[in-house]
There are 2 protein chains.
Amino acid sequence: MQQKAAIPVTIGHLKSACSQCNLRELCLPYGLSNPELELLDEMVGTRRKIKRHTHLYRSGDSFEAIYAIRAGFFKTDVLLEDGRDQVTGFQMAGEILGLDGISTEHHSCNAVALEDSDVCVIPFAKLEELSRQVTALQHNFHKVMSREIVRDHGLMMLLGTMRAEERLAAFLLNMSQRFVARGYSQQEFHLRMTREEIGSYLGLKLETVSRAFSKFQDEGYISVQQKHIRIIDIPGMRKLLNHQSPE
Amino acid sequence: MQQKAAIPVTIGHLKSACSQCNLRELCLPYGLSNPELELLDEMVGTRRKIKRHTHLYRSGDSFEAIYAIRAGFFKTDVLLEDGRDQVTGFQMAGEILGLDGISTEHHSCNAVALEDSDVCVIPFAKLEELSRQVTALQHNFHKVMSREIVRDHGLMMLLGTMRAEERLAAFLLNMSQRFVARGYSQQEFHLRMTREEIGSYLGLKLETVSRAFSKFQDEGYISVQQKHIRIIDIPGMRKLLNHQSPE
DNA sequence: CCGCCCGTTTGATCCACGTCAACGTGCCCG
DNA sequence: CGGGCACGTTGACGTGGATCAAACGGGCGG
C-alpha cells in the first residue's frame, strides 16, 4: 500500500508502527498514550503479507503469535474428521486473529486470506509481558477476547433460532455495519467470499443462500451483482430480523 | 455443603480459599505457587449462594466481576427482541462465568442456576491488577478465555453442520467427559436441565430431543430414566459423530 | 393418599431447506 | 478472441425436523 517492494516477499521485515496506524482506534492501541504506543511499536515485530487463498495459520500449528489485520480479508474455519467444515468467522482490517490458539498452544482453526492481505505479527509472550506493564493494553486485550465471545454467542443464536432469510439479513447488516466502522459505504460493498462460504458460515447450503439473495433483490431490499451488494432498504432489512418469528 | 447457616443468606461473606479448593486444578489457580495462591485468596472476596432458578446476573447488568463455580450447575442464555432465546452454554463446577461482560462493561447474557449453587466472586478490576503481578494467573486467565472461544467454535460447528442425533450424541459425550474430569462416573449421570433447554442449546425442538433420546435407548446406546442417563455404548456413540455425514 | 401440573413421550402432518440437476455467466489463460 | 472452468442461478423433488395434538408419569402440595 505504501510502497511496492521490488522483490516479492512473503514475510516482510518491515517495522509496523501502531502509533502511525490508521486502524489504531479499532485495534489494540486504542486509548494508549504516546509513550505506551512506542512500547507497542517495539513489541509488534514484523508485518507479514498473505496472498489470496493462502493460510495465515492452520489448525494444529503451534501457537506463538496473534495477528492484527492491517489490510485485507480473512476467513477462519474448523474441520471435522469426516470432512465437514464450517466457516466460523470473516475478519477484516483492525480485527485480531489467532486467539483460538492460546488455550492449547496450538491453533484450533484455519485462517485463510480471501484477498491479498497484510497482518501485524504480535508475539504472544511479548504481548503478555507488555500487558503486565501497560494497563490500558491489558484491558484492551481482554475486551478483544470478550468481544469475540459475545460475537460467537450472537452467531450461535443465529444458527440455533433463525430461518434462512433472517440469517442472510443478519449477515448483510453485520457486514454493512463493519464496513461503516472502517469508513466505507454502509449500503454498497463487495463481498470477498463465495456463496458457499457464506452458506457455511450461516449453516445453509449455497443454493439456499443464492435463492435468498434473489428473493431480497426481487423484493427490492438489495441489488445484487455477483459479489457486489447494494442495500437499498436498510430499515426493511432490520424488520426482517425481529418480527417474523414462527411462534 | 460444609455448614448450613442458621439464617438464610443469599450473599455469604464467607472467605473463599483457592488454596484449599479441590477444584483448583480446573480453575484459575492451576499451577500457582503457594505464595501466589495466598494473593489469590485475598482477591477472591466473597462467595455467593445462588438458589435454583435464580439469576447470577442478567443481560444488561453492569459488569464488575467474573464468577468461578464452586458447586452447582448453570446455564447461560441470550434473548432476542422478539422473544426467541437460545441457551449458549451449561457450566459446572470449576468453570468461569461472566466473561461476556468484559467487552462492554455490561453482561450480554443471563446466567441462571439450574440447581442450588455456590460461586466465588472475582472482582474483575482486582483480577486484572493481580494478573499484572502473577504471570501464571495472567496466563491461566487468557487460557480460560481462549478455551471459551474454542468451545464456542465447536458449538457453531455442531449447530451449522450436524443433524439432530449427532448433536445429541455430541452433547452427551461432552457432558460425560466433563463429569469424568470432576471425578464422577463417565457413563452415568444426572442432567440438571430440561429437554427444552437441551433443545435450545442444540438448536432443536424439545420433541426432537425426546425422540432422539428414545431412539438411542431403543438402539441400546443409552438408558434413559427421566433426567438420569446411563451411556451403555460410548464407542458406539462416538461413531455416531464422525461417520454418518449426508455427503 | 389423592389430584394437579409440569415435563416428557409419542403420533400425525407439514414445510423449509437440502439435494440433484441443468443451465448461465464472468474471467482467466492460451 | 475463444474455450474452459469455477462460481452462481434456478427448477423439481425429497426429507428431517418443526408443528400440532394428545396422552402419560412423577413429584409435590394439600
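Refer to the preceding data block for the structure.
Residues numbered from 1 in each chain as written. Chains lettered and ligands numbered in written order. Predicted model: local features only at pLDDT ≥ 70, side-chain atom pairs only at ≥ 80, totals over all residues. Heavy atoms only, no water.

Asks: What exactly am I supposed to notice about the overall build of chain A here?
Replies: Helix and strand content of chain A: seven helices and 11 strands. Taken against the 2.2 N^0.38 rule, which gives 18 Å for 247 residues, the C-alpha radius of gyration of chain A at 19 Å falls within 12% of a compact globule. If you line up chain A on its principal axes, its C-alpha atoms span 55 × 40 × 40 Å. For chain A, the residues scored as buried account for 51% of the 247 residues in total. Look at the contacts in chain A between residues 6 or more apart in sequence, and 72% of them connect residues 24 or more apart. Looking at charge distribution, chain A has the averaged site of its 30 positive side-chain charges lying 5 Å from that of its 31 negative ones. (Helix = DSSP H or I, 4+ residues; strand = E, 2+ residues; numbered from the N terminus. Rg over C-alpha atoms; globule rule 2.2 N^0.38 Å. Buried < 20%, exposed > 50% of the residue type's maximum accessible area, 1.4 Å probe, protein only. Contact = heavy atoms within 4.5 Å. Lys, Arg positive; Asp, Glu negative; His and termini not counted. Charge placed at Lys NZ, Arg CZ, Asp CG, Glu CD.)

Asks: Is there a simple way to explain the interface of chain B and chain A in this structure?
Replies: Many structure descriptions define interface size as the accessible area lost when the parts assemble. Contacts between the two partners involve 47 residues from chain B, matched on the other side by 47 residues from chain A. Buried surface at the junction of chain B and chain A, summed over both partners, amounts to about 4600 Å²; 58% is from carbon and sulfur atoms. For the pair chain B and chain A, the interface holds four salt bridges. Notably, a salt bridge pairs Lys143 of chain B with Glu105 of chain A, separated by 3.3 Å at the nearest N-O pair. Where chain B packs against chain A, one counts 31 residue pairs in polar contact (both at pLDDT 80 or more). The biggest single contributor to the side of chain B that touches chain A is helix H3 (residues 135–161) of chain B, with 20 residues. Split by residue class, the side of chain B that touches chain A holds 15 nonpolar, 17 polar and 15 charged. (Buried area = accessible area lost by both parts, 1.4 Å probe. Salt bridge = Lys/Arg side-chain N within 4 Å of Asp/Glu carboxyl O. Polar contact = N/O pair within 3.5 Å; in protein donor to acceptor, adjacent residues only side chain to side chain. Nonpolar A, V, L, I, M, F, W, Y, C, P; charged D, E, K, R; others polar.)

Asks: What should I look at first to understand the protein's contact with DNA strand D in this one?
Replies: Not every one of the 17 residues close to DNA strand D is listed here, only the nearest: Ser210 and Ser214 of chain A together with Ala164, Thr208 and Arg211 of chain B. Taking all atoms of DNA strand D within 4 Å of the protein, the share assigned to sugar and phosphate is 66%. Ser214 of chain A places a side-chain nitrogen or oxygen 2.5 Å from a phosphate oxygen of DNA strand D. Counting only elements with at least two residues in the surface near DNA strand D, the list comes to helix H6 (206–218) of chain A together with helix H6 (206–218) of chain B. Take the surface near DNA strand D: its biggest share by element is five residues, from H6 of chain A. Of the residues belonging to the surface near DNA strand D, the class tally is four nonpolar, five polar and eight charged. (Near = heavy atom within 4 Å.)

Asks: Teacher, can you tell me more about the sheet that holds strand S11 (residues 222–225) of chain B here?
Replies: Picture the strands of a sheet paired through backbone hydrogen bonds; they go either parallel or antiparallel. Residues and elements named next belong to chain B. An order of S10-S12-S11 is seen for the three strands of this open sheet, with the pairing classed as antiparallel. What marks the edges here is a single partner per strand, and that holds for strand S10 (188–190) and S11. Across the sheet, the mean angle separating the axes of adjacent strands is 15° when strand polarity is ignored. Where S11 meets strand S12 (residues 228–231), four bridges bridge the pair, whose relative direction is antiparallel. When the sheet's bridge partners are listed, Ile222 is paired in S12 with Ile231. Sitting on the sheet, H6 is in contact with S11 and S12, with an inclination near 130° to S11. (Pairing = 2+ DSSP bridges. Axes fitted to C-alpha atoms, helices over the stretch in contact; angles between N-to-C directions.)

Asks: How do you make sense of the pairing of strand S5 (residues 85–92) of chain A when you look at a structure like this?
Replies: Regular strands place their side chains on alternate faces of the sheet. Residue and element names in this part refer to chain A. Counting buried residues along S5, seven of its eight residues qualify, which places the element largely inside the surrounding structure. Bridging between strand S4 (residues 73–79) and S5 involves seven bridges; their strand directions are antiparallel. Within the sheet, the bridge partner assigned to Lys75 lies in S5 and is Phe90. Hairpin remark: S4 followed by S5, antiparallel, with five residues in the connecting loop; positive phi at Gly83, about 100°.

Asks: Explain the state of the cysteines here, please?
Replies: Two cysteines, two sulfur atoms, one covalent bond between them: this is a disulfide. For the structure on display, the rule yields zero disulfides over all chains. Among the cysteines around Cys21 of chain A, which has no disulfide bond, Cys120 of chain A carries the closest sulfur, lying 6.1 Å off. A disulfide-free cysteine, Cys109 of chain B has its sulfur positioned 18 Å from the sulfur of Cys27 of chain B, the nearest such atom. Given a relative accessible area of 1%, Cys109 of chain B falls into the buried group. (Disulfide = S-S within 2.5 Å.)

Asks: Explain helix H4 (residues 164–181) of chain B to me, please; I cannot follow it from the model alone.
Replies: The periodicity of an α-helix, 3.6 residues per turn, causes residues three or four places apart in sequence to face the same way. Residue and element names in this part refer to chain B. In this model, H4 (18 residues) spans 26 Å end to end at C-alpha, consistent with the 26 Å of a helix rising 1.5 Å per residue. Among the residues of H4, Glu166, Arg167, Leu168, Ala169, Ala170, Phe171, Leu172, Leu173, Met175, Ser176, Arg178 and Phe179 are the ones counted as buried. Following H4 by one or two positions, Gly183 has its phi on the positive side, about 85°. (Expected span 1.5 Å × (residues − 1).)

Asks: Teacher, can you tell me more about the packing of helix H4 (residues 164–181) of chain A against H6 of chain A here?
Replies: When two helices pack together, you describe them by how their axes are tilted relative to each other and by the distance separating the axes. All names here are of chain A. Remark: H4 packs on H6, axes separated minimally by 10 Å, with the N-to-C direction vectors making an angle of 75°. Taken together, H4 and H6 sit at an angle that is classed as roughly perpendicular. Together, Ala164, Glu165, Leu168, Ala169 and Leu172 of H4 and Thr208, Val209, Ala212, Phe213, Lys215 and Phe216 of H6 make up the contact between the two elements. Taken together, the residues of the contact of H4 with H6 sort by class into eight nonpolar, one polar and two charged. (Parallel < 35°, antiparallel > 145°, perpendicular 65-115°, else oblique.)

Asks: What am I meant to see in the nonpolar core here?
Replies: Soluble globular proteins tend to bury their nonpolar side chains together. One finds Phe171 of chain A together with Phe171 of chain B to be the most contacted residues of the largest nonpolar core, which totals 108 residues. Once residues within four sequence positions are removed from consideration, Phe171 of chain A is found in contact with Phe90, Leu191, Met193, Ile198, Tyr201 and Leu202 of chain A. (Core = buried A, V, L, I, M, F, W, Y, C linked by side-chain atoms within 4.5 Å.)

Asks: Quick question: what am I supposed to make of the pairing of strand S8 (residues 117–123) of chain A here?
Replies: Residue and element names in this part refer to chain A. The element S8 is extensively covered by neighbouring structure, given that six of its seven residues are classed as buried. The pairing of strand S1 (residues 46–50) with S8 spans five bridges and is classified as antiparallel. Among the inter-strand pairings, Lys49 is bridged to a residue of S8, identified as Asp118. Judged from the six bridges that link them, strand S3 (residues 65–71) and S8 form a sheet pairing that is antiparallel. If you follow Ala68 over to S8, its bridge partner there is Cys120.

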